[in-house]
Amino acid sequence: MAPDVSSGGTITIKGTVKLLMSVVEDEERKRVISLGMGDPTACSYFRAANQAEQAVVEALRSGELNGYAPTVGLASARRAIADYLARDLPYDLTADDVYITSGCTQAIDVALTMLTRSGANILLPRPGFPIYELTAGFRHLEVRHYDLVPERNWEADLEAVESLADQNTVGVVVINPGNPCGNVYSYQYLKNVAEMAKKLRVPVIADEVYGHLTFGSNPFVPMGTFGATAPILTLGSLSKRWIVPGWRLGWFVTMDPCGAFKQPKVVERIMKYCDTMGGPPTFLQAAVPNIIEQTNKAFHAKTLDQLELGANILYEVVNEIPGLHCPYKPQGAMAAMVKLDLSVLEDISNDMDFCFKLAKEENVIVVPGVALGLKGWLRFVFSIDPASLREALGRIKVFCCRHSKTVLSEY
Ligand SMILES: *Cc1c(COP(=O)(O)O)cnc(C)c1O
């Protein structure tokens, strides 16, 4: 039998960044600045909360947390996450609604694996987060992309989304606050998504890994708000809000007051699947209640200020660069999409070519839109210190001017 190559065609962000890094020349002359991967810990400007580190140290030092945790997660951690998420919901959650996973990445795997069946398809946003395509490929789950529309602040045309679905559609994924677009959806839009899901009789998979990381005019509204309309499977983690992506602590949560995902057979199936996964370390799980309770408001407020500053710099500077245009000022998360105008640039054939030449000539890394499903665009991460961000954007400007069709005298 031939080996299964499903999903072999999907390019991951990690893979793309690695390729781009390999063409960087002369690192001594010019340090490499990456606006590629969204790991804010790459610079010391973003740091985990002391209280969170303290909570983990105490849990580890107790000497009582070196054994296995239940595969669905430690009861105290499930409870703490249920309480944390229910603060913003019109109904309560129980510890049993929460399954602890190894980061949000594994929560994506749980959601897609639990939903798939023979012939099934899932609706994914484009541009999106390639881990979904990759996981769907491994699970033989057909992907149907729906377009996020830049002119609508990256909302989708929900009639168009609906028209992609059929009786084999098993779910629709919504990422809010958004990666890669930095969008924060309105209450009304999310309500309309839930109503569409109800009509299609599918759950919404709500990727809220950037939950509460908003700094624009739209507040963060959890998709679970509309759990009575359609079942919501909420995915999240400590990674982004607590700036600890390496801790690998995430969650898969059923927000489903009507109970479809509480049927004993469904619960049993999820629990069995959890038995196949190694979750995060027990001491880390045990620290979760303190991490959530003791991280102070000042830490969260500071992170938002830092992200907002990055978003402002990005939006302002990019829109002064010939050949680039950022149509939407990010209101949340850590990245924005920037449109490439190839008509004003010389000898740049597409977004991938732009990124390779930029890496080679300026030692700056950005992700080509094609890696996220949207050709002709670029993704810029702004969760980096302002000095490095300004320097990277300055080099991108020099690069674009050098490749501009009209000769710009100052360069
Ligand atoms: C970072 C990210 C994830 C993965 O989160 P981890 O907790 O690091 O596994 C999932 N979805 C989106 C949209 C992300 O940006």
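- For the protein, an unreviewed UniProt entry supplies the name Aminotransferase class I/classII large domain-containing protein and the organism Kalanchoe fedtschenkoi.
- On record in UniProt, under Cofactor (unreviewed entry), the comment for the protein is "pyridoxal 5'-phosphate".
- Recorded under Sequence similarities (unreviewed entry), the UniProt text for the protein is reproduced unchanged: "Belongs to the class-I pyridoxal-phosphate-dependent aminotransferase family."

### What about the sheet that holds strand β6 (residues 169–175)?
Phase 1 of the analysis: Pairing is mixed across the open sheet formed by 8 strands, whose spatial order is β2-β9-β8-β7-β6-β3-β4-β5. The strands lining the two open edges of the sheet, one partner per strand, are β2 (98–101) and β5 (155–156).
Phase 2 of the analysis: Across 2 bridges, strand β4 (residues 142–149) lies against β5 in antiparallel orientation. Bridging from a neighbouring strand, Leu148 pairs with Ala156 of β5.
Phase 3 of the analysis: Packed onto the sheet, helix α5 (residues 131–138) meets β3 (121–126), β4 and β6 and runs at close to 160° relative to β3.

### Let's talk about the UniProt feature "modified residue: N6-(pyridoxal phosphate)lysine" (unreviewed entry) in the protein
Phase 1 of the analysis: Using the residue numbers shown here, the UniProt feature "modified residue: N6-(pyridoxal phosphate)lysine" (unreviewed entry) corresponds to Lys240.
Phase 2 of the analysis: Along the polypeptide, Lys240 turns up in the loop between β8 (232–237) and β9 (250–255).
Phase 3 of the analysis: Excluding residues within four positions of it along the chain, Lys240 makes contact with Val209, Tyr210 and Leu213.

### So, the pairing of β3
Phase 1 of the analysis: When β3 meets β4, the two strands line up parallel, connected through 6 bridges. Of the residues in β4, the one forming a bridge with Leu124 is His145.
Phase 2 of the analysis: Note that the unit made of β3, α5 and β4 has a crossover that is right-handed.

Calculation rules
Residues numbered from 1 in each chain as written. Predicted model: local features only at pLDDT ≥ 70, side-chain atom pairs only at ≥ 80, totals over all residues. UniProt positions renumbered as here; feature names shortened; annotations may be inferred. Pairing = 2+ DSSP bridges. Helix = DSSP H or I, 4+ residues; strand = E, 2+ residues; numbered from the N terminus. Contact = placed C-beta atoms within 7 Å. Axes fitted to C-alpha atoms, helices over the stretch in contact; angles between N-to-C directions. Right-handed = clockwise from strand over helix to strand, strands pointing away.

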